[in-house]
Protein chains: 2
Amino acid sequence: MKPIRWKCVCAYDGTNFAGWQSQARGVAIQDVIEARLQTVLKQPVRISGSGRTDAGVHAHGQVFHFDAAWPHGEQKLLIALRTGLPPGIQIKSAKPARADFHARFQATGKRYEYNLHLGDADPFTRPYSWMIFRELDIKAMQAAARHLLGRHDFRAFTALNGPEMNDTTRTLRRLNVIKRGRRVRIVCEGDGFLYKMVRSLVGVLVTVGEGKLAAEAVGEILRSRQRTEAVQTAPACGLFLMKVFY
Amino acid sequence: MKPIRWKCVCAYDGTNFAGWQSQARGVAIQDVIEARLQTVLKQPVRISGSGRTDAGVHAHGQVFHFDAAWPHGEQKLLIALRTGLPPGIQIKSAKPARADFHARFQATGKRYEYNLHLGDADPFTRPYSWMIFRELDIKAMQAAARHLLGRHDFRAFTALNGPEMNDTTRTLRRLNVIKRGRRVRIVCEGDGFLYKMVRSLVGVLVTVGEGKLAAEAVGEILRSRQRTEAVQTAPACGLFLMKVFY
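Residues numbered from 1 in each chain as written. Chains lettered and ligands numbered in written order. Predicted model: local features only at pLDDT ≥ 70, side-chain atom pairs only at ≥ 80, totals over all residues. Heavy atoms only, no water.

## A look at the overall build of chain A
Going by this rule: Think of it this way: any DSSP run of H or I at least four residues long counts as a helix, any run of E at least two long counts as a strand, and we number them from the N terminus. The size measure is the radius of gyration over C-alpha atoms, and the globule rule it meets is 2.2 Å times the number of residues to the 0.38 power. With a 1.4 Å probe rolled over the protein chains alone, any residue whose accessible area is under 20% of its type maximum counts as buried; one over 50% counts as exposed, and the rest are partly exposed. Should any heavy atoms of two residues lie within 4.5 Å, those residues are considered in contact. For accessible areas, the Shrake-Rupley method is used with a probe of radius 1.4 Å. Any residue's cover is judged against the shown protein chains and nothing else.
Helices and strands together make up the secondary structure of chain A, namely five helices and 10 strands. The C-alpha radius of gyration of chain A comes to 19 Å, within 12% of the 18 Å expected for a compact globule of 246 residues. Over its C-alpha atoms, taken along the principal directions, chain A stretches across nearly 60 × 40 × 30 Å. Here chain A, with 246 residues, has 53% of them falling under the buried criterion. In chain A, the proportion of contacts linking residues at least 24 apart, taken out of those at least 6 apart, comes to 70%. As presented, chain A carries roughly 11800 Å² of accessible surface, and 49% of it is formed by carbon and sulfur atoms.

## Here we look at the confidence of the model for chain A
Put simply, the test is: Residue-level confidence of the predictor, termed pLDDT, takes values from 0 up to 100.
With 98% of its residues at a pLDDT of 70 or more, chain A shows a mean pLDDT of 95. Among the prediction metrics, the complex's ipTM stands at 0.86, with pTM recorded as 0.90.

## Remarks on the pattern of salt bridges
Residues and elements named next belong to chain A. Applied cut-off: Any Lys or Arg side-chain nitrogen found within 4 Å of a carboxyl oxygen on Asp or Glu counts as a salt bridge.
Scanning the entire structure with this criterion turns up 34 salt bridges over all chains. Notably, a salt bridge pairs Glu-74 with Lys-95, separated by 3.3 Å at the nearest N-O pair. Highlighted residues: Glu-74 in helix α2 (residues 74–83) and Lys-95 in strand β4 (residues 89–96), separated in sequence by 21 residues. Judged by its relative accessible area of 33%, Glu-74 is partly exposed. Here Arg-225 makes a salt bridge to Asp-153, at a shortest N to O gap of 2.5 Å. Here Arg-225, found in the loop between α5 (215–224) and β10 (239–245), pairs with Asp-153, found in strand β7 (residues 150–153); they are 72 residues apart in sequence, far enough to count as distant. Taken together, the shared-partner salt bridges connect Arg-111, Arg-173, Arg-174 and Glu-189 into one network.

## Notes on helix α3 (residues 138–148) of chain A
All names here are of chain A. The line we're drawing: Within this analysis, the arc is defined by the directions that extend from the helix axis to the C-beta atoms. By the criterion applied in these results, polar contacts are pairs of N or O atoms within 3.5 Å in which, for protein atoms, one can donate a hydrogen and the other can accept it, and in which residues neighboring in sequence qualify only through two side-chain atoms.
Among all positions in α3, only Ile-138, Ala-140, Met-141, Ala-144, Ala-145 and Leu-148 are buried. Take α3 and look down its axis: the buried residues cluster within an arc of 155°, on one side only. With respect to the buried face of α3, the exposed residues turned more than 90 degrees away are Lys-139 and Arg-146. In this structure, the buried side of α3 is in contact with β5 (109–118), β7, β8 (169–180), β9 (183–190), α4 (197–209) and α5. Where α3 begins, the side chain of Asp-137 points an oxygen toward the backbone nitrogen of Lys-139, at a separation of 3.3 Å.

## Brief notes about the interface of chain B and chain A
Applicable threshold: Buried area: the sum, over both parts, of the accessible surface (1.4 Å probe) that disappears when the two are put together.
If you look at the interface, chain B gives 20 residues, while chain A gives 20 residues. Roughly 1500 Å² of surface becomes buried between chain B and chain A when both sides are summed, with 61% attributable to carbon and sulfur atoms. Per-residue buried area on chain B facing chain A is highest for Gln-90, Pro-123 and Phe-124 of chain B; these three make up 40% of the total on that side. If you look at where chain B meets chain A, you find two salt bridges. The salt bridge partner of Asp-120 of chain B is Arg-82 of chain A, with a shortest N-O separation of 3.3 Å. For the side of chain B that touches chain A, the secondary structure elements donating two or more residues are β1 (4–12), β3 (58–68) and β4 (89–96) of chain B.

## Some thoughts on the relation of the copies chain B and chain A
Both copies of the chain are related by one operation, a rotation about an axis with a shift along it. Keep this limit in mind: The copies were overlaid by least squares, fitting only the C-alpha atoms of residues that reach a pLDDT of 70 or more in each copy.
Expressed as a screw transformation, the operator carrying chain B onto chain A has a rotation angle of 180° and an axial translation of 0.0 Å, and the superposed copies differ by an RMSD of 0.0 Å. Taken together, the rotation angle and the small translation identify this as a two-fold axis. Minimal C-alpha separation from the rotation axis in chain B is found for Phe-124 of chain B, amounting to 4.7 Å. Take the interface residues of chain B: 100% of them recur as interface residues in chain A, which is what a same-surface contact looks like.

## Observations regarding helix α1 (residues 29–41) of chain B
Residue and element names in this part refer to chain B. The criterion, for reference: In this analysis, the expected span of each helix is defined as 1.5 Å times one less than the number of residues it contains.
Between the first and last C-alpha of α1 there are 18 Å, a value that for 13 residues agrees with the 18 Å anticipated at 1.5 Å per step. Three or more residues of α1 are buried, namely Ile-29, Gln-30, Val-32, Ile-33, Glu-34, Arg-36, Leu-37, Val-40 and Leu-41. In this fold, the buried residues of α1 make contact with β1, β3, α2 (74–83) and β4. At the C-terminal side of α1, Lys-42 shows a positive phi close to 60°.

## Remarks on the pairing of β9 of chain A
All names here are of chain A. Our working definition: The rule for pairing is simple: two strands pair if DSSP sees at least two bridges between them.
Most of β9 sits inside the fold, with six of its eight residues counted as buried. Relative to β9, β5 runs antiparallel, the two being bridged by eight bridges. In the strand pairing of β9, Leu-116 is matched with Val-184. In this antiparallel pair of consecutive strands, β8 and β9, the connection spans two residues, and Gly-181 shows a positive phi of 65°.

## Here we look at the packing of aromatic side chains
Given two aromatic rings, their pairing is described by the distance between the two centres and the angle made by the two planes. All names here are of chain A. As a reminder of what qualifies: Within 6.5 Å between ring centres, the rings of Phe, Tyr and Trp (the latter by its six-membered ring) count as paired, and their orientation is classed by plane angle as stacked under 30 degrees, edge-to-face over 60, tilted in between. Whether a charge sits over a ring depends on NZ of Lys or CZ of Arg being within 6 Å of the ring centre and within 35 degrees of the ring normal.
Under the criterion given, the structure shown has 18 aromatic pairs over all chains. Taking the centre distance of 5.3 Å and the plane angle of 90° together, the rings of Tyr-112 and Phe-193 count as edge-to-face. Taken as a pair, Tyr-112 in strand β5 and Phe-193 in the loop between β9 and α4 lie far apart in primary sequence, 81 residues in all. Aromatic ring contacts, followed pair by pair, group Tyr-12, Trp-20, Phe-64 and Phe-66 into a single cluster. One Lys or Arg, Arg-173, reaches over the ring of Phe-245 and ends 5.8 Å from the middle of that ring.

## A few points about the domain arrangement of chain A
All names here are of chain A. Heads up, the condition is: Per the annotation, domain bounds derive from an automatic or database assignment of domains. Side-chain classes are defined by residue name, with Ala, Val, Leu, Ile, Met, Phe, Trp, Tyr, Cys and Pro counting as nonpolar, Asp, Glu, Lys and Arg as charged, and the others, Gly among them, as polar.
Here chain A is partitioned into domain 1 (4–96) and domain 2 (109–245). Just the C-alpha atoms count here: the centres of domain 1 and domain 2 sit 27 Å apart. The interface of domain 1 with domain 2 comprises 15 residues on the first partner and 14 residues on the second. Counting the surface lost from both domain 1 and domain 2, the interface buries some 1100 Å², and carbon and sulfur atoms represent 56% of this. Of all residues in domain 1, Asp-54, His-58 and His-60 bury the most surface against domain 2, accounting for 43% of the area lost on that side. Counting the contacts that link domain 1 with domain 2 gives one salt bridge. Of the charged contacts, one joins Asp-54 and Arg-199 as a salt bridge, the two residues approaching to 3.1 Å between their closest N and O atoms. Taken together, domain 1 and domain 2 are joined by nine residue pairs in polar contact (both at pLDDT 80 or more). Considered class by class, the residues forming the side of domain 1 that touches domain 2 number four nonpolar, nine polar and two charged.

This is the structure:
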């Protein structure tokens, strides 16, 4: 039987993992899934994700692909994969894909969500939120977000210690700040994101919300293409990869 | 300064604790709170909870009391207690109470909620749900619940290995089965509960929902005052103590 390409969607609680991609230190989500695949398929399998998520970042809709000969149908593969994974990782779907499908190179966009919690969160919300112990000016954050929408060079909003990038231009299609009770959700959608870009966008929006930076100044930082101290990186625990578009 | 009585409300993720009350094995939630109080008050303090919760059971509104001389006001006590606790335990409020307030003996009722999830739950829901891999007949569960409401001897719904009880009569004021999407919430309120009673009620309702037991049979089991094999104990992880009434 010839191997075919499989496309999988997975969810994970990133709290206790060293991020998506295999690292020298700690257990990566990719390692755990590959180990399970090896058990199920009885041979080593490499998976390719749509992109990395950092240590501590969560996902509801990470996508990856791999090649395997599996004669028992997709439903049985899904059950076999799910059964042996730890509770923090779930395979949501496993489906045959076109032979040229590529989880990373064919992605046309991604949606992330970031959770802020105003004040001390309860033990069920805390591991998935950035707790902010002051009021935030939501209207100012929304105004700042409008300066970031569209096609721009986002060099000012990537990590200084990240990999060298040639092309730092991305299109931000959506950046919503939605308050409901003590919870503030930041929804961020675009054609692609630089290293730590979402957490940098969230960080600068919070700085604006705290009244430490004017909404218009965010546009100036963007145009400067230089990261400044006003751009803090929001903690990993509040970030969720929601969906990868193809 | 004379000690006064304090009433606290706390929330906890019971996943990694050996239940509320100090045990020979494992770390109990009570131990952790008492250790924090000792640090803050600079002397050993004993706390009294509204009742025990088993290992793995969660709480949004557990209540306890203790006596302490604390000259700095309730807000500062709350902050001092919160600061040093692990993320799985949160003190929601700390307020001076009447000298004769007793968290257990003065409780007039409790509300619990239990989460079922139909099918495989995602990593964020799974630690707080009982996953049920078949459809449930919700109407039959609701009919069975009606047989349990009111004042009854609930001896058939306590654990066989529990402490000897003289008085096993309790009043069940509310037992709702609410389905929303793949989630089924069971809300349970009464003047008091026997050892593992909520989990036994949930267990028998699920047996009815699976079609293995008729709704009317639940009334017969109740009247028999004898636990049978049809009364399974639902897993601890789905159970939340929501509120204690005074």
